[in-house]
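# Commentary on secondary and tertiary structure
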Amino acid sequence: MPLVIAHRGASGYRPEHTLAGYELAARMGADYLEPDLVSTADGVLVARHEPMIGGTTDVALHPGFAARRTTRTVDGETVTDWFADDFTLAELRTLRAVERLPELRQGNTVYDGLFGVPTFEEILELRARLSRELGREIGVYPETKNPTYLAGRGLACEPTLVAVLRAHGLDRADSPVFVQSFETANLRALHDQLPVRLIQLLDATGAPADLVAAGDPRTYADLTRPAELARIAGYAAGIGPAKQLVIPPDAGPTSLVADAHAAGLLVHAYTFRNENSFLPTGLRREGRADHYGDVLAEYRAFVDAGVDGLFTDHPDTAVAALALATTR
Ligand code: G3P
Ligand code: CA
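Figured I'd write up the structure that's included with this text.

What follows covers the coordination of the calcium ion (ligand 2). For the calcium ion (ligand 2), the protein coordination sphere consists of Glu34 (OE), Asp36 (OD) and Glu143 (OE), at 2.1 to 2.3 Å. Considering all six donor atoms around the calcium ion (ligand 2), angles at the metal cover 58 to 164° and the coordination shape is irregular. Here the donor residues of the calcium ion (ligand 2) share one chain and are spaced in sequence as E-x1-D-x106-E. With glutamate 34 in strand S2 (residues 32–34) and glutamate 143 in strand S8 (residues 143–144), the pair connects residues that are 109 residues apart, well separated along the chain. Each member of the pair, glutamate 34 as well as glutamate 143, carries the same accessibility label: buried.

Another point: the packing of aromatic side chains. Under the definition given, this model contains twelve aromatic pairs. Ring geometry for tyrosine 141 against phenylalanine 178: centres 4.9 Å apart, planes inclined by 25°, an arrangement best described as stacked. Here phenylalanine 178 lies in strand S9 (residues 178–181) and tyrosine 141 lies in the loop between strand S7 (139–140) and S8, a separation of 37 residues in the sequence. Classification of tyrosine 141 by relative accessible area gives buried; the value is 0%. Taking the relative accessible area as the measure of exposure, phenylalanine 178 reaches 1% and is therefore buried. Centroid distance phenylalanine 272 to phenylalanine 302: 4.8 Å. Interplanar angle 85°. Geometry classified as edge-to-face. Placement of the pair is phenylalanine 272 in strand S12 (residues 266–272) and phenylalanine 302 in helix H12 (residues 295–305), with a sequence separation of 30 residues. Each member of the pair, phenylalanine 272 as well as phenylalanine 302, is classed as buried.

All right, on to the site of ligand 1 then. In the vicinity of ligand 1, the contacting residues are His7, Arg8, Glu34, Asp36, His49, Glu143, Lys145, Gln180, Phe182, Leu201, Tyr270 and Phe311. Histidine 7 has a polar side-chain atom sitting 2.6 Å from an oxygen atom of ligand 1. Within the side chain of glutamate 143, a nitrogen or oxygen atom sits 3.0 Å from an oxygen atom of ligand 1. Here the shell around ligand 1 is composed, by residue class, of four nonpolar, three polar and five charged.

To continue, consider the nonpolar core. Among the nonpolar cores identified, the biggest contains 72 residues, and Phe120, Leu165, Val179, Ile239 and Val246 are the most heavily contacted of them. When residues of this core are assigned to their parent elements, the largest contribution, six residues, is made by H12. The contact partners of valine 179, leaving out residues within four places of it in the chain, are Pro142, Thr144, Leu161, Leu165, Leu187, Leu190, Leu194, Val196, Arg197, Leu198 and Ile199. In this structure, Val38, Phe65, Ala84 and Leu95 belong to the second largest nonpolar core, which totals twelve residues.

Burial along strand S13 (residues 309–312) is two-sided: the face carrying Gly309 and Phe311 and the face carrying Leu310 and Thr312 are both buried. As paired strands, strand S1 (residues 3–7) and S13 are joined by four bridges and run parallel to one another. Looking at the pairing, isoleucine 5 lines up with phenylalanine 311 of S13.

With that out of the way, let us pick up unusual backbone geometry. The phi angle of most residues is negative, glycine excepted, and most peptide bonds adopt the trans form. The omega torsion of the bond from tyrosine 270 to threonine 271 falls at -10°, within 30 degrees of zero and hence cis. Even without a glycine there, the phi angle at arginine 8 is positive, about 65°. Tracing the sequence through the fold places arginine 8 in the loop between S1 and helix H1 (19–27). We classify arginine 8 as buried; its relative accessible area is 10%. A positive phi angle, near 55°, is found at aspartate 250, a position not held by glycine.

A few words on helix H13 (residues 315–326). Each full turn of the α-helix corresponds to 3.6 residues, which orients residues three or four apart in the same direction. Helix length check: H13, at twelve residues, gives a terminal C-alpha distance of 16 Å against a target of 16 Å (1.5 Å per residue), a fit within 8%. Among all positions of H13, only Pro315, Thr317, Ala318, Ala321, Leu322 and Ala325 are buried. Considered in projection along H13, the buried side chains sweep an arc of 150° and stay on one side of the axis. Buried residues along H13 sit in contact with S1, H1, H12 and S13.

This brings us to the environment of alanine 209. Tracing the sequence through the fold places alanine 209 in helix H7 (residues 209–213). Separated by 26 residues in the primary sequence, alanine 209 and glutamate 183 place their C-alpha atoms 6.1 Å from one another. Setting aside chain neighbours within four positions, we find alanine 209 in contact with Asp75, Thr148 and Glu183.

What counts and what doesn't
Residues numbered from 1 in each chain as written. Chains lettered and ligands numbered in written order. Predicted model: local features only at pLDDT ≥ 70, side-chain atom pairs only at ≥ 80, totals over all residues. Heavy atoms only, no water. Donors = N, O, S within 2.8 Å, 3.2 Å for Na, K, Ca; no water. Tetrahedral: all angles 85-135°; square planar, octahedral: opposite > 155°, others 65-115°. Helix = DSSP H or I, 4+ residues; strand = E, 2+ residues; numbered from the N terminus. Buried < 20%, exposed > 50% of the residue type's maximum accessible area, 1.4 Å probe, protein only. Phe/Tyr/Trp six-rings, centres within 6.5 Å; stacked < 30°, edge-to-face > 60°. Near = heavy atom within 4 Å. Polar contact = N/O pair within 3.5 Å; in protein donor to acceptor, adjacent residues only side chain to side chain. Nonpolar A, V, L, I, M, F, W, Y, C, P; charged D, E, K, R; others polar. Core = buried A, V, L, I, M, F, W, Y, C linked by side-chain atoms within 4.5 Å. Contact = heavy atoms within 4.5 Å. Pairing = 2+ DSSP bridges. Expected span 1.5 Å × (residues − 1). Arc of directions from axis to C-beta.

All we've got here are geometric facts, nothing functional implied.
Structure representation (structure tokens):
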């Protein structure tokens with residue numbers, strides 16, 4: 001049965017990257033909780049999808065932080081926003097999470113302002129408590145976000161990630177942990193320091209930021225080829241491809257799963273979401289963008305394609321869909 005990986009928590013039901021969202025995901029049956037990690041100014045790992053915090057916190061409502069809004073270049077893109085790496089943990093703790101997609105997920109907005117920005121350590125403590133309570137091991141699946149950017153700010157997150165996992169006894173090859181990255185160099189380096197399983201993320205477009213910075217012309221599309229998959233298998237346990245690399249919209253599966261398996265790699269595809277807006281046109285149902293489409297058929301197609309795990313915003317739907325798909 002493929003693993004159910006709770007993408008940023010139970011993001012279909014609570015604002016992303018909140019302890020409430022992670023807890024709900026575990027109670028819905030998720031196998032792994034996925035925090036994306038960025039660094040604070042004082043080097044603490046916190047769960048946010050990107051260093052910019054304007055879209056997922058109420059920072060804009062804090063006049064005291066108005067002057068922190070600034071312009072930076074992240075992975076070649078110039079962005080004006082507030083950046084987590086300009087805030088100490090104590091300052092970040094004064095902020096509250098808000099829903100990223102209020103038009104699509106209006107129901108989540110009732111929780112705006114209720115939850116703080118969690119640290120990675122708090123997520124690990126929650127994971128341990130829920131594992132005991134639920135009687136099953138809840139895994140953790142951290143992603144190192146924008147490693148080249150953070151290293152350039154003098155805040156590389158990998159040493160802290162290793163130290164925190166070690167402090168929590170989660171640094172063994174068989175720990176319920178996967179560490180993921182869209183970049184390659186940090187995973188190669190982690191392979192020498194951290195025995196846990198590593199996952200090379202593969203986007204549908206573009207190229208890893210570390211390769212771009214190093215003048216390496218290889219793109220994500222290049223990394224899906226068998227020779228590159230064999231190289232990835234030298235440091236990673238698997239790949240995490242965008243789902244369209246496995247099954248392009250309204251088409252049949254590519255050879256990626258078979259090629260990855262031939263290289264000895266697991267395949268954990270992202271991101272599954274119930275709303276029409278995120279589904280291929282053939283699986284959308286009549287109605288609004290935020291109405292649910294035929295997501296059970298999408299899960300079934302990916303089970304049939306042989307994936308080993310799925311990142312989902314709706315862990316309960318994934319659990320139900322996988323149970324149905326595997327008892328046919
Ligand atoms: O990490 C898998 C998936 O989460 C990658 O996409 O942008 O949601 O971090 P993103
Ligand atoms: Ca992620």
